[in-house]
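# Structural description and commentary
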Amino acid sequence: MKIPTNIQYIEVYYDGRCGMCCTFHEWVNAQTRAFPVRFIAYQDPQAEEWFPGVNELEPEREMIVRTHDHQLYRGAEGWVLCLLSCQKYQAIARRIASPTLLPFAEKTCHELAARRHKLSKVFFRKKDKEVAAELHRMPAEECAGTCSNIPDGLI
């Protein structure tokens, strides 16, 4: 991923009904910024006004990030730009954007996106005791074999 230079601001189109998405939004907003970020729930009637055609890009599947010069980034690349907007996390954003790590970030984003509503019901907007009780009720899932693809020393 080639990280754009001189970003003036980004717009993040996310799912305003998803606890995980909203928690991420709150977390980014609490960070010291390198550049402004405007979060817009794709369900907001003004989203289509600000970004004509955004709903045709299926923002319900993956977060969409648009830079000031209208470049689009989705999924892992969108997360990288959100991290880049946080002064404290710029180095890790650049590292994740590398050719070596971006494929793993993409896999992770796809897995999270596919399960975000279930994860939101379990983890977000609940107290710790409720989360623990829910986790105990969930069946354990086996690793699908992708764990062995992680380069040595990464974990």
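From a predicted model like this one, the values you see are computed outputs, not experimental measurements.

Our next topic: helix H1 (residues 19–30). An ideal rise of 1.5 Å per residue puts 16 Å on twelve residues; H1 measures up with 16 Å between its terminal C-alpha atoms. Within H1, the full set of buried residues consists of Gly 19, Met 20, Cys 21, Cys 22, Phe 24, His 25 and Val 28.

The buried fraction of helix H3 (residues 75–84) amounts to eight of the ten residues, a majority that puts the element mostly inside the structure. Taken together, the buried positions of H3 are occupied by Gly 75, Ala 76, Gly 78, Val 80, Leu 81, Cys 82, Leu 83 and Leu 84.

Let us now look at unusual backbone geometry. Of note in this structure, Asn 6 is not a glycine but carries a positive phi near 55°. Within the fold, Asn 6 resides in the segment before strand S1 (10–14). The exposure class assigned to Asn 6 is exposed, which follows from its relative accessible area of 68%. Notably, Glu 58 is not glycine yet its phi reads approximately 55°, a positive angle.

Note that soluble globular proteins tend to have their nonpolar side chains buried in a common cluster. By size, the foremost hydrophobic cluster in this structure holds 26 residues, and its most contacted members are Ile 10, Val 12, Val 65, Leu 81, Cys 82 and Leu 84. Only S1, H1, strand S2 (37–41) and H3 provide two or more residues apiece to this core. Other than its neighbours up to four places away in sequence, Val 12 contacts Val 37, Arg 38, Phe 39, Ile 40, Met 63, Ile 64, Val 65 and Cys 82. Core analysis: the second largest hydrophobic core is formed by six residues, Tyr 13, Ile 40, Ala 47 and Ile 64 among them.

Right, let's talk about the pattern of salt bridges for a bit. Using the criterion set out here, one finds four salt bridges in the structure. Note that Arg 66 is salt-bridged to Glu 11, the shortest N-O span being 2.7 Å. Residue Arg 66 is found in strand S3 (residues 64–67), and its partner Glu 11 is found in strand S1; the two are separated by 55 residues along the sequence. Judged by relative accessible area, Arg 66 falls into the buried class, the value being 7%. Taking the shortest distance from any N to any O, the salt bridge between Arg 61 and Glu 58 comes out at 3.5 Å. Residue classification places Glu 58 among the partly exposed positions, given a relative accessible area of 36%.

Quick notes on the rules
Residues numbered from 1 in each chain as written. Predicted model: local features only at pLDDT ≥ 70, side-chain atom pairs only at ≥ 80, totals over all residues. Heavy atoms only, no water. Helix = DSSP H or I, 4+ residues; strand = E, 2+ residues; numbered from the N terminus. Expected span 1.5 Å × (residues − 1). Buried < 20%, exposed > 50% of the residue type's maximum accessible area, 1.4 Å probe, protein only. Core = buried A, V, L, I, M, F, W, Y, C linked by side-chain atoms within 4.5 Å. Contact = heavy atoms within 4.5 Å. Salt bridge = Lys/Arg side-chain N within 4 Å of Asp/Glu carboxyl O.

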